[in-house]
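Results of the structural survey
Take a look at the letters that make up each chain.
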Amino acid sequence: MGKAMVLVYTGDGKGKSCASMGQLFRALGHGARCAVVQFIKQDPETLDSGEYKSAMQLGVTWKHFGAGFTWEGENDKLNAELAKRGWEQVKRWISASAFDLIVLDEFTYTLTLGYLDADEVCTWIADHRSKEGFPHLVISGRNAPKALIDIADMVSEIQEVKHHLQLADRKAEAMIEF
């Protein structure tokens, strides 16, 4: 494996998590050891997430550190606590060279909402990424902070042009939203 890269999918458009999962499935095709750490979103089993089901069938390690939308009930406080636990898990995996690629799904929210200090996280990544065994990191979420963009090797901003959920009679559907 070449130098580990940090890939960021950000923006207001739909498809950031899907693009991240595409990177994961591509890496699996090359025999990579892969993991997903999902922040903010509710439990993928409860959500009946298609990407979670597929990842489980392919032996991907998946850890969930989210309580759901931050504006609902006590989710903001719980998401802040879970973000810290999730980031500690990611650092343990990186330090142990446990994986070749790790997806940090919805991770930008933990930085922009102040659950984690963006500068500290980015400094940690920058300080460790030259070490043997550091994995590729694929990070998704809206409003990627400048510190993350600065250390990333690739940043794609996904823009919304039109979204089917803006239509009056449309609801979230399996295979499309989850």
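For the structure itself, consult the block above.
Here the structure is a predicted model, which is why all the values come from computation and not from measurement. (Residues numbered from 1 in each chain as written. Predicted model: local features only at pLDDT ≥ 70, side-chain atom pairs only at ≥ 80, totals over all residues. Heavy atoms only, no water.)

1. Looking at unusual backbone geometry
- One non-glycine residue, Ser97, adopts positive backbone phi at about 50°.
- Residue position: Ser97 is located in the loop between helix H4 (75-95) and strand E4 (101-105).
- Its identity as a non-glycine residue notwithstanding, Glu106 has a phi of 65°, on the positive side.
- Position of Glu106 among the secondary structure elements: in the loop between E4 and helix H5 (107-112). (Helix = DSSP H or I, 4+ residues; strand = E, 2+ residues; numbered from the N terminus.)

2. Focus on the pattern of salt bridges
- Applying the stated criterion across every chain yields a total of 11 salt bridges.
- Ionic pairing is found between Lys41 and Glu106, a salt bridge with its closest N-O pair at 3.3 Å. A residue pair is termed long-range when its members are at least 10 positions apart, and Lys41 in the loop between strand E2 (34-39) and helix H2 (44-47) and Glu106 in the loop between E4 and H5 qualify at 65 residues.
- The partly exposed category is assigned to Lys41, whose relative accessible area is 22%.
- Overall, Glu106 belongs to the buried group, its relative accessible area being 11%.
- A salt bridge links Arg170 to Glu173; its shortest N-O distance comes to 2.6 Å.
- On the basis of relative accessibility, which here comes to 35%, the residue Arg170 falls in the partly exposed class. (Salt bridge = Lys/Arg side-chain N within 4 Å of Asp/Glu carboxyl O. Buried < 20%, exposed > 50% of the residue type's maximum accessible area, 1.4 Å probe, protein only.)

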